[in-house]
Amino acid sequence: MSSAEINKNEVDIVIGALNADLTQFLNSWKPFFSGFHLIIVKDPELKDDLNIPEGFDVDVYSKPDIEKVVGAANSAMFSGYSCRYFGYLVSKKKYIVSIDDDCVPAKDPKGVLVDAVSQHVTNLENPATPLFFNTLYDPYCEGADFVRGYPFSLRSGVPCAASCGLWLNLADLDAPTQALKTEQRNTSYVDAVMTVPLKAMLPISGINIAFNRELVGPALVPALRIAGEGKVRWETLEDVWCGMCLKHISDHLGYGVKTGLPYVWRNERGDAVESLRKKWEGMKLMEKSVPFFEALKLPESAVNVEDCVVELAKAVKEQLGSDDPAFTQAADAMVKWVQLWNSVNSSG
């Protein structure tokens, strides 16, 4: 699907601005963002005015705008990388595409710039196949199909909730890995999309992601904040936790999640060694989160996304709250998020 074939009225591109000067970022994406509506949310802790070039259909939200919508008491939920969730909250479109502001379009092996927006929307509009793995990856992609032995009863697939893109150059590694392998860069462009199987967990990255807001919008929740959270991805866990919640809820409601194409080119930002010197609890929290999600079973009474988030929050508080206060805070934030989502969207 090309950009010309997409109904651009169904797509919002949401950018969390952690850097004031967005000129290079937006100009690099202009061939693919042109004609789409952009929502840019300025990190409330960013002091400088944003520099946004002309030629874009864009709404910009800053701290006063956030406080006006959610109240001053709740605005802290939207600091740092979590500022983009405010864009998810106020959007009215079917699809959301979100790309970090340190990324530019990648090139495929033929040297052609990758249209990440079109690929994400293609992934979302085609069904997912979480119930039975297709060894030719996404059977709905051009040139692929269902392999011999794939049950015909499952070939209609299920709705796709999210499309998780990847990165060339600086891959989304954790700080210990990147600090150990300081020169490692991802140069491998794998031309494939696949559905993550049912009940399989994955660390979804917020760097390059799209989702169907109508299906799973409230599941994209800004919840788990770690002590000493910083302004580089190594020092956050919000997107990984959000992704684990999203995948579990998608499994419960019968949706699928895809990963693979599209790629973006991720530029250098931050210092992994410096990040390791901070008191960072992310790895410990992940080790506690995995067995929790492995054993978690949402009740059959949870029939919509909001119900699932609330039930998940309840389980987090009961089963993980005593292990670390970050989990209790996450559970409270998940409940508050659902309240905000219902309030903002019922009034809109």
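Residues numbered from 1 in each chain as written. Predicted model: local features only at pLDDT ≥ 70, side-chain atom pairs only at ≥ 80, totals over all residues. Heavy atoms only, no water.

Looking at an unreviewed UniProt entry, one finds the protein named UDP-arabinopyranose mutase and attributed to Brassica carinata. Under the Catalytic activity (unreviewed entry) heading, UniProt states for the protein: "UDP-beta-L-arabinofuranose = UDP-beta-L-arabinopyranose". According to the UniProt record, the Sequence similarities (unreviewed entry) comment for the protein reads "Belongs to the RGP family." (UniProt positions renumbered as here; feature names shortened; annotations may be inferred.)

This paragraph deals with the side chain of Glu238. Along the chain, Glu238 turns up in helix H7 (residues 238-253). Residue class for Glu238 comes out buried when judged on its relative accessible area of 0%. At 2.5 Å, the side chain of Glu238 forms a polar contact with the side chain of Tyr85. Engagement of the side chain of Glu238 in a polar contact is seen with the side chain of Arg233, the distance being 2.8 Å. Residues contacting Glu238, with those up to four places away along its chain left out, are Tyr81, Ser82, Arg84, Tyr85, Leu224 and Arg233. (Helix = DSSP H or I, 4+ residues; strand = E, 2+ residues; numbered from the N terminus. Buried < 20%, exposed > 50% of the residue type's maximum accessible area, 1.4 Å probe, protein only. Polar contact = N/O pair within 3.5 Å; in protein donor to acceptor, adjacent residues only side chain to side chain. Contact = heavy atoms within 4.5 Å.)

In the numbering adopted here, UniProt assigns the feature "site: Required for activity" (unreviewed entry) to Arg148 and Arg155. Its location among the elements puts Arg148 in the loop between helix H4 (116-125) and strand S6 (160-169). Note on placement: Arg155 falls in the loop between H4 and S6. Not counting the four nearest positions on each side in its chain, Arg155 is found in contact with Tyr140, Phe146, Val147 and Tyr150.

To continue, consider the nonpolar core. One broad rule of soluble globular proteins: the nonpolar side chains tend to lie buried together. Formed by 67 residues in total, the largest nonpolar core has its most connected members in Phe78, Trp241, Leu312 and Met334. For this core, the element with the most residues is helix H11 (residues 325-347), which contributes eleven residues. Setting aside its immediate chain neighbours within four residues, Trp241 contacts Ala223, Leu224, Ser289, Phe293, Val316, Leu320, Phe327 and Met334. Formed by 31 residues, the second largest nonpolar core is a distinct cluster that contains Ala17, Leu38, Val117 and Ala171. (Core = buried A, V, L, I, M, F, W, Y, C linked by side-chain atoms within 4.5 Å.)

Take the environment of Phe133 next. Topologically, Phe133 is positioned in the loop between H4 and S6. For Phe133, a relative accessible area of 39% translates into the label partly exposed. The spacing of Phe133 and Pro299 is 166 residues in sequence and 26 Å in space, taken between C-alpha atoms. If near-sequence neighbours (up to four positions away) are discounted, Phe133 is found in contact with Tyr150, Met194, Thr195 and Pro197.

The geometry of an aromatic ring pair is captured by the separation of the ring centres together with the interplanar angle, meaning the angle of the planes. Scanning the model with the defined rule gives 17 aromatic pairs in all. Relative to Phe33, the ring of Phe25 has its centre 6.3 Å away and its plane inclined at 70 degrees; by these criteria the two rings are edge-to-face. Grouping residues by exposure puts Phe25 and Phe33 together as buried. Of the aromatic side chains, those joined through ring pairs into one cluster are Tyr61, Phe78, Tyr85, Phe86, Tyr88, Phe211, Trp337 and Trp341. Lying over the aromatic face of Phe36, Lys8 brings its terminal NZ or CZ to 5.0 Å of the ring centre. A cation sits over an aromatic face here: Arg155 above Phe152, 3.7 Å from the ring centre. (Phe/Tyr/Trp six-rings, centres within 6.5 Å; stacked < 30°, edge-to-face > 60°. Lys NZ or Arg CZ within 6 Å of the ring centre and 35° of its normal.)

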